[in-house]
Structures are given as C-alpha cells and as structure tokens.
Amino acid sequence: MNESNPIVDKMLLFANKFSSQRHITAIRDGFVTLIPMTIIASFWVLINNLILSPTNGLLKNVPAAARWMDLGNQVYNATLGIMRY
C-alpha cells in the first residue's frame, strides 16, 4: 500500500534542496514575521470601515466613534502603513 512514485520523489528532492537555501529561508522567515502585523491591521481596517465609519458604519451616530477610528488609523499606519514604503 505504501508505493513510491518516482516523479513525486524527484520533486520532493528538488523541493528540499530549494527550501534549504539561505536566501529562500530568509524570505520565508520574513513573511512569517509579517503575518501577525498584517492580521492585526486587517482587523482594524474592517472595524474602521464597517463599524466606525461616520458615513455608513454601524456606530455612525455615536460621537465617540471618531476617537476609536483615529486609533484604528494609527494601528493601520503602524502596521500595514509602514510596509507600504
């Protein structure tokens, strides 16, 4: 039942050699480091646009929502805004 496919074995050998190179590992580690920042910024963008937006957000009639939207903009600028440059 545990049959070996020669094409898959050759591709696996190539993939292992490719993924063990230093520059590929550095790129992978950089992306892994940026994932939490991207997730946090994405949540704040959703909160700003769906809940806190003064034009069509769920809390458009709450005056304190503008302060929370400023906080969301600061979080965005500190995460995804930095990666833009």
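Scroll up a little and you will see the structure.
What comes next is a walk through the structure. This one's a predicted model, so the numbers in the text were calculated from it and none came from an experiment. (Residues numbered from 1 in each chain as written. Predicted model: local features only at pLDDT ≥ 70, side-chain atom pairs only at ≥ 80, totals over all residues. Heavy atoms only, no water.)

**Observations concerning the overall build of the chain**
Next up, step 1: From N to C terminus, the chain includes 4 helices and 0 strands.
Next up, step 2: Mapped in sequence order, the helices and strands of the chain form the string α-α-α-α.
Next up, step 3: At 22 Å, the chain has a C-alpha radius of gyration far larger than the 12 Å of a compact globule built from 85 residues.
Next up, step 4: In terms of principal-axis extent, the alpha carbons of the chain reach across some 65 × 35 × 15 Å.
Next up, step 5: Here the chain, with 85 residues, has 14% of them falling under the buried criterion.
Next up, step 6: For the chain, the share of sequence-separated contacts (at least 6 apart) that also reach a separation of at least 24 residues comes to 43%.
Next up, step 7: Approximately 7,200 Å² of the chain is accessible, and the part contributed by carbon and sulfur atoms is 68%.
Next up, step 8: Here the chain holds 7 positive side-chain charges and 4 negative ones, and the gap between their average locations is 11 Å. (Helix = DSSP H or I, 4+ residues; strand = E, 2+ residues; numbered from the N terminus. Rg over C-alpha atoms; globule rule 2.2 N^0.38 Å. Buried < 20%, exposed > 50% of the residue type's maximum accessible area, 1.4 Å probe, protein only. Contact = heavy atoms within 4.5 Å. Areas by Shrake-Rupley, 256 points an atom, 1.4 Å probe, with all protein chains shown as cover. Lys, Arg positive; Asp, Glu negative; His and termini not counted. Charge placed at Lys NZ, Arg CZ, Asp CG, Glu CD.)

**Here we look at helix α2 (residues 22-50)**
Next up, step 1: Its 29 residues place the ends of α2 42 Å apart at the C-alpha level, agreeing with the 42 Å of an ideal helix rising 1.5 Å per residue.
Next up, step 2: A bend of about 30° at Ile35 is the largest found in α2, and the proline Pro36 appears one to four places after it.
Next up, step 3: Among the residues of α2, those classed as buried are Ala41, Trp44 and Asn48.
Next up, step 4: For α2, the elements touching its buried residues are α3 (65-78) and α4 (80-83). (Expected span 1.5 Å × (residues − 1). Bend = angle between axes of the 7 residues up to and from the residue.)

**Some details on a nonpolar patch on the surface**
Next up, step 1: A contiguous nonpolar patch, built from Val32, Ile35, Ile39, Phe43, Leu46, Leu50, Ile51, Leu58, Leu59 and Val62 and spanning about 930 Å² of accessible area, is present on the exposed surface.
Next up, step 2: Note on placement: Ile51 falls in the loop between α2 and α3. (Patch = residues over 30% accessible without salt bridge, like charges linked within 9 Å, V, L, I, M, F, W, Y side chains within 5 Å. Salt bridge = Lys/Arg side-chain N within 4 Å of Asp/Glu carboxyl O.)

**Some remarks on the packing of α2 against α3**
Next up, step 1: Where α2 meets α3, the axes come as close as 9 Å, and the angle between the chain directions of the two elements is 150°. One element, α2, and the other, α3, form an angle in the roughly antiparallel class. Judged by the sense of rotation from one axis to the other, the crossing of α2 with α3 is left-handed. Facing α2, whose interface residues are Met37, Ile40, Trp44, Val45 and Asn48, α3 presents Trp68, Met69, Leu71, Gly72, Asn73, Val75, Tyr76 and Ala78.
Next up, step 2: By residue class, the composition of the contact of α2 with α3 is 10 nonpolar, 3 polar and no charged. (Axes fitted to C-alpha atoms, helices over the stretch in contact; angles between N-to-C directions. Parallel < 35°, antiparallel > 145°, perpendicular 65-115°, else oblique. Left-handed = near helix turned anticlockwise from the far one by under 90°. Nonpolar A, V, L, I, M, F, W, Y, C, P; charged D, E, K, R; others polar.)

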